[in-house]
Amino acid sequence: MSDENPTLPYPEADAEHPTLVIPGGEQAADAAAPARRKRWPWVLLIIVVVLALLAVAGELLVRAILPGVVRSIVVEQLDLPADQQLDVDADGILLPQLIGGRLDSLHLSTDSVTIQGITGAADVTAKGVPLRGGDLAGASGTITVDESQFTTLLASTDLPVDQVAFDAPDATVSGSVQVLGLALPVSVTVTPGVVDGDLQLTPQGISVGGIVLDADRVQDTLGSVGAALTKTQTICIADQLPAGITITGLKITGTRAVIDVDVNGAIVTDDSLQQPGTCPRG
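Residues numbered from 1 in each chain as written. Predicted model: local features only at pLDDT ≥ 70, side-chain atom pairs only at ≥ 80, totals over all residues. Heavy atoms only, no water.

### As for the pairing of strand β4 (residues 138–145)
Part 1 of the reasoning: Pairing between strand β3 (residues 118–130) and β4: seven bridges, direction antiparallel. Looking at β4, one finds that V124 is bridged to G141.
Part 2 of the reasoning: The pairing of β4 with strand β12 (residues 256–263) spans seven bridges and is classified as antiparallel. The residue of β12 that forms the bridge with G141 is V261. (Pairing = 2+ DSSP bridges. Helix = DSSP H or I, 4+ residues; strand = E, 2+ residues; numbered from the N terminus.)

### Examining the side chain of T151
Part 1 of the reasoning: Structurally, the position occupied by T151 is in helix α4 (residues 147–153).
Part 2 of the reasoning: Exposure remark for T151: the relative accessible area of 15% places this residue in the buried category.
Part 3 of the reasoning: Excluding its chain neighbours within four sequence positions, the residues that come into contact with T151 are V161, D162, Q163 and V164. (Buried < 20%, exposed > 50% of the residue type's maximum accessible area, 1.4 Å probe, protein only. Contact = heavy atoms within 4.5 Å.)

### Some points on the environment of Q97
Part 1 of the reasoning: Tracing the chain through its elements places Q97 in helix α3 (residues 94–100).
Part 2 of the reasoning: Counting along the chain gives 32 residues from Q97 to V129, while the straight-line C-alpha distance between them is 9.9 Å.
Part 3 of the reasoning: For Q97, the residues in contact, after removing those within four places along its chain, are D91, G92, R102, L103, D104, S105 and L131.
Part 4 of the reasoning: Among the polar contacts listed, one links the side chain of Q97 to the backbone nitrogen of D104, at a separation of 2.7 Å. (Polar contact = N/O pair within 3.5 Å; in protein donor to acceptor, adjacent residues only side chain to side chain.)

### Focus: the side chain of T230
Part 1 of the reasoning: When you line up the elements, T230 lands in helix α6 (residues 224–230).
Part 2 of the reasoning: Accessibility expressed as a relative area gives 16% for T230, which makes it buried.
Part 3 of the reasoning: The residues contacting T230, other than those within four sequence positions of it, are P203, I206, A215, V218 and Q219.

### Section: the nonpolar core
Part 1 of the reasoning: Within the largest apolar cluster, 56 residues are counted, with the highest numbers of intra-cluster contacts made by L106, F150, L154, L199 and L229.
Part 2 of the reasoning: Residue contributions to this core peak at five residues, all from helix α2 (residues 39–77).
Part 3 of the reasoning: Setting aside residues up to four positions removed in sequence, F150 forms contacts with V145, V164, F166, P192, L250 and A257. (Core = buried A, V, L, I, M, F, W, Y, C linked by side-chain atoms within 4.5 Å.)

### Re the pattern of salt bridges
Part 1 of the reasoning: Inspection of every chain in the model, using the stated rule, returns one salt bridge.
Part 2 of the reasoning: A salt bridge links K231 to D158; the shortest N-O distance between them is 3.8 Å. Pair noted here: K231 is in the loop between α6 and β10 (233–235) and D158 is in the loop between α4 and β5 (163–167), with a separation of 73 residues, a long-range link. (Salt bridge = Lys/Arg side-chain N within 4 Å of Asp/Glu carboxyl O.)

### As for the sheet that holds strand β2 (residues 102–115)
In a beta sheet, neighbouring strands pair by backbone hydrogen bonds and run either parallel or antiparallel.
Part 1 of the reasoning: With respect to topology, six strands assemble into an open sheet ordered β1-β2-β3-β4-β12-β11, the strand pairing being antiparallel. For this open sheet the edge positions go to β1 (87–90) and β11 (245–253), each flanked by a neighbour on one side alone. Strand-to-strand, the axes of this sheet are offset by a mean angle of 15°, without reference to chain direction.
Part 2 of the reasoning: One ladder, built from eight bridges, connects β11 with β12; its direction is antiparallel. Paired with G249 across the bridge in β12 is D260. (Axes fitted to C-alpha atoms, helices over the stretch in contact; angles between N-to-C directions.)

### Comments concerning the confidence of the model for the chain
Part 1 of the reasoning: On average, the chain scores 82 in pLDDT, and the residues at 70 or more come to 78%.
Part 2 of the reasoning: When pLDDT is averaged over each element of the chain, β12 comes out on top at 96 and helix α1 (residues 25–37) at the bottom at 52. (pLDDT = per-residue confidence, 0-100.)

### Brief notes about a nonpolar patch on the surface
Part 1 of the reasoning: On the surface, a cluster of nonpolar side chains totalling about 260 Å² of accessible area is made up of I65, V69 and I73.
Part 2 of the reasoning: Here V69 is to be found in helix α2.
Part 3 of the reasoning: Residue V69 is classed as partly exposed on the basis of its relative accessible area, which comes to 43%. (Patch = residues over 30% accessible without salt bridge, like charges linked within 9 Å, V, L, I, M, F, W, Y side chains within 5 Å. Areas by Shrake-Rupley, 256 points an atom, 1.4 Å probe, with all protein chains shown as cover.)

### As for the environment of L213
Part 1 of the reasoning: Residue position: L213 is located in strand β9 (residues 211–213).
Part 2 of the reasoning: Once you skip the residues sitting within four places of it in the chain, L213 turns out to touch I206, V208 and V218.

### So, the pairing of strand β7 (residues 182–195)
Part 1 of the reasoning: Relative to β7, strand β6 (residues 170–179) runs antiparallel, the two sharing nine bridges. By the bridge assignment, S174 is partnered in β7 with S187.
Part 2 of the reasoning: Linkage of β6 to β7, two consecutive antiparallel strands, is achieved through a turn of two residues, within which L180 is found at a positive phi near 55°.
Part 3 of the reasoning: Note: β7 against strand β8 (residues 198–208), 10 bridges, orientation antiparallel. Paired with V195 across the bridge in β8 is D198.
Part 4 of the reasoning: Between the end of β7 and the start of β8, which pair antiparallel, lie two residues, with D196 showing a positive phi angle near 50°.

This is how it looks when you write it as structure tokens:
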């Protein structure tokens, strides 16, 4: 082979042909990378906002549906009228509670409900409400009755009960007793309370025929009838309430008697606790 056309060596990089640098190239590359990275915080923010909106929408949906569901169950369990007014409210954020299968607290109230023949306002708070069946952790509340309904509660007392008038903290029971064949009007002022689940009426003053007498004078005048009027009365009303409800307190407020109640958590699963309770036979 001839050496007439010898191959020339490549020039050195830093000699005749230096590497060209595009003006602003490095700065453009550096600027492009942060621009791509800065999109991520915005994407994450959008995702968080969307999830928050979905959570709020879900919470609102649950709160819209829950009262109707609970109301239907209560009406069915207690055999209440289909049009029974009942307000339902749950505490806290509901979605996590629904996922966990139990509501922390459920508040139920009504201005008027009739249970076992007694009509009054009810306000009850249940704790640990299972959503997949089972007993409540517990429940308590109040039943508020007027003078006429309180009169019905006292039907089994030895006192003459034709009517009851409230004068907080006492109540005055009025009626008549038979003495020598005559109906003698009597009024007994009592302080109501609760002992071991029974109503207790402690006499504070007695009026016979419109004349105020002390206890000794009443007993001397009316004998055994007077003795019955002056003693503390204990009245069982368990047979006028579901067996799963126990009264724990009572106070007169204005023209109403407010009765504190404790509710057995098994009342939602045990039919016997939904039936009227029993009183010992005297």
